[in-house]
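Structural overview
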Amino acid sequence: MECVFGLVGNGFAIVVADTSAVHSILVHKSNEDKIMVLDSHKLIAASGEPGDRVQFTEYIQKNVALYQFRNGIPLTTAAAANFTRGELAIALRKNPYFVNVLLAGYDKETGPSLYYIDYIATMHKVDKGAFGYGSYFSLSMMDRHYHSGMSVEEAIDLVDKCIMEIRSRLVVAPPNFVIKIVDKDGARQYAWRESVKDAPVPSA
């Protein structure tokens with residue numbers, strides 16, 4: 001019951017994901033980070049089959065790093081999104097990944113951007129996007145409250161509204177969320193929104 005959403009504000013992009021690792025009716029852990037830092041100014045948030053999600057995002061991360069190592073310059077956010085979309089399109093005709101991706105980044109020339117890429121390799125540049133069951137609620141909240149040029153405080157307030165709506169309306173709502181931000185200062189973790197914590201394992 002995954003929930004991944006993101007939005008673009010004034011000079012930054014924010015991506016939010018639930019942190020539940022779930023299989024069938026079991027919750028295996030509630031602190032799984034589904035947002036990977038691609039490089040200093042890019043984030044990739046993914047939802048889908050856990051194995052595909054981890055393998056594909058690591059594959060993209062390593063190839064983005066390889067490009068920078070070989071050429072001495074990093075990929076732009078648009079180039080990284082097009083590469084990601086291309087790899088999904090190639091895999092779609094061989095051994096498909098069931099992975100949906102939100103890719104956020106910041107470029108000096110163009111500023112912040114957010115790309116929506118689904119498992120059948122459809123790509124769009126968007127101001128706000130979402131995947132998973134939580135998208136039914138987060139998209140409606142963002143449609144109502146989102147506006148271009150939002151400040152960080154306004155964006156975080158909207159993120160909290162989306163999380164509260166998911167928690168209160170979705171019958172299988174994940175309890176915890178991680179929030180990450182990318183701006184001119186780089187990609188970094190901003191905050192966690194936790195209502196459940198994993199119990200510590202007692203020492204033998």
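A brief look at the structure comes next. Not measured: the values here are computed from a predicted model.

Some words on the nonpolar core
If you look at soluble globular proteins, the nonpolar side chains tend to sit buried side by side. Residues Phe5, Ile14, Val16 and Val159 are the most contacted members of the largest nonpolar core, which totals 39 residues. Of all elements in the fold, only β1 (3-8), β2 (12-18), β6 (42-48), β7 (99-107), β10 (128-132), α3 (135-145), α4 (152-169) and β11 (177-183) reach the threshold of two or more residues within this core. Broken down by element, the residue count for this core peaks at seven residues, all from α4. Not counting chain neighbours up to four residues away, the residues in contact with Ile14 comprise Phe5, Gly6, Leu7, Ala155, Ile156, Val159, Ile179, Lys180 and Ile181. Among the nonpolar cores identified, the runner-up in size contains 20 residues, and Leu38, Leu88, Tyr97 and Ile117 belong to it.

Here's the deal with the pairing of β6
Most of β6 sits out of view: seven of its seven residues are buried. As paired elements, strand β5 (residues 35-39) and β6 share four bridges and run antiparallel to each other. Bridging across to β6, Met36 finds its partner in Ile44. As consecutive antiparallel partners, β5 and β6 are separated by two residues. Where β6 meets β7, seven bridges bridge the pair, whose relative direction is antiparallel. In the sheet register, Ala45 faces β7, and the bridge partner there is Leu102.

Focus on a nonpolar patch on the surface
A cluster of nonpolar residues, Met1, Tyr133, Tyr136, Val171 and Val172, forms a patch on the protein surface that exposes about 570 Å² of accessible area. On the secondary structure map, Tyr133 appears in the loop between β10 and α3. Tyr133 sits in the partly exposed class, given a relative accessible area of 43%.

Thoughts on the pattern of salt bridges
For the structure on display, the rule yields twelve salt bridges. Glu32 serves as the salt-bridge partner of Arg53, at 3.5 Å between the closest nitrogen and oxygen. Of this pair, Arg53 sits in helix α1 (residues 50-71) while Glu32 sits in the loop between β4 (26-29) and β5, and the two are 21 residues apart along the sequence. Salt-bridge contacts for Lys42 lead to Asp39; the nearest nitrogen and oxygen are separated by 2.8 Å. The exposure class assigned to Asp39 is buried, which follows from its relative accessible area of 13%. Here the residues in one salt-bridge network are Glu2, Asp18 and Lys34, joined through shared partners.

Overview of helix α2 (residues 77-92)
A rise of 1.5 Å per residue sets the reference length of α2, with its 16 residues, at 22 Å; its end C-alpha atoms lie 22 Å apart and thus fit the reference within 8%. For α2, the complete set of buried residues consists of Thr77, Ala80, Ala81, Thr84, Glu87, Leu88, Ala89 and Ala91. Contacts made by the buried residues of α2 are with β6, α1, β7, β8 (111-117) and β9 (123-126).

Let's talk about α1
Since there are 3.6 residues in each turn of an α-helix, residues three or four apart along the chain are aligned in direction. Between the first and last C-alpha of α1 there are 32 Å, a value that for 22 residues agrees with the 32 Å anticipated at 1.5 Å per step. Turning to α1, its buried residues are Arg53, Phe56, Thr57, Ile60, Gln61 and Val64. An end-on view of α1 places all buried positions within 135° of arc, on one side of the element. Seen from the buried face of α1, the exposed residues on the opposite side, beyond 90 degrees, are Lys62, Phe69 and Arg70. Residues of α1 that are buried in the fold lie against β5, β6, α2 and β7. In the stretch just after α1, Gly72 is the one whose phi turns positive, near 80°.

Reading guide: rules and limits
Every chain is numbered on its own, with residues counted from 1 as its sequence reads. For this predicted model, a pLDDT threshold of at least 70 governs which residues receive local features, and a threshold of 80 or more governs which side-chain atom pairs are given and counted, while totals over whole chains, interfaces and linings are taken from all residues. Where side-chain values are given, they derive from all heavy atoms of the structure, hydrogens and water being excluded. Throughout, nonpolar core names a set of buried Ala, Val, Leu, Ile, Met, Phe, Trp, Tyr and Cys residues whose side chains join them through atoms within 4.5 Å. The buried label goes to any residue with under 20% of its type's maximum accessible area, the exposed label to any with over 50%, and the partly exposed label to all in between, with areas taken from a 1.4 Å probe on protein chains only. The helix count covers DSSP runs of H or I at least four residues long, the strand count covers runs of E at least two residues long, and both are numbered beginning at the N terminus. Whether two residues are in contact is decided by their heavy atoms, any of which lying within 4.5 Å being enough. Two strands pair under a simple rule: DSSP has to find at least two bridges between them. Grouping into patches uses exposed residues only, defined as over 30% relative accessible area, and leaves out salt-bridged ones; the cut-off is 9 Å for like charges and 5 Å for nonpolar side chains (Val, Leu, Ile, Met, Phe, Trp, Tyr). Using a 1.4 Å probe, the Shrake-Rupley method yields the accessible areas, and only the shown protein chains count as cover for residues. By definition here, a salt bridge exists when the distance from a side-chain nitrogen of Lys or Arg to a carboxyl oxygen of Asp or Glu is within 4 Å. What a helix is expected to span follows from its residue count: subtract one and scale by 1.5 Å. Here the arc refers to the directions that run from the helix axis out to each C-beta atom.

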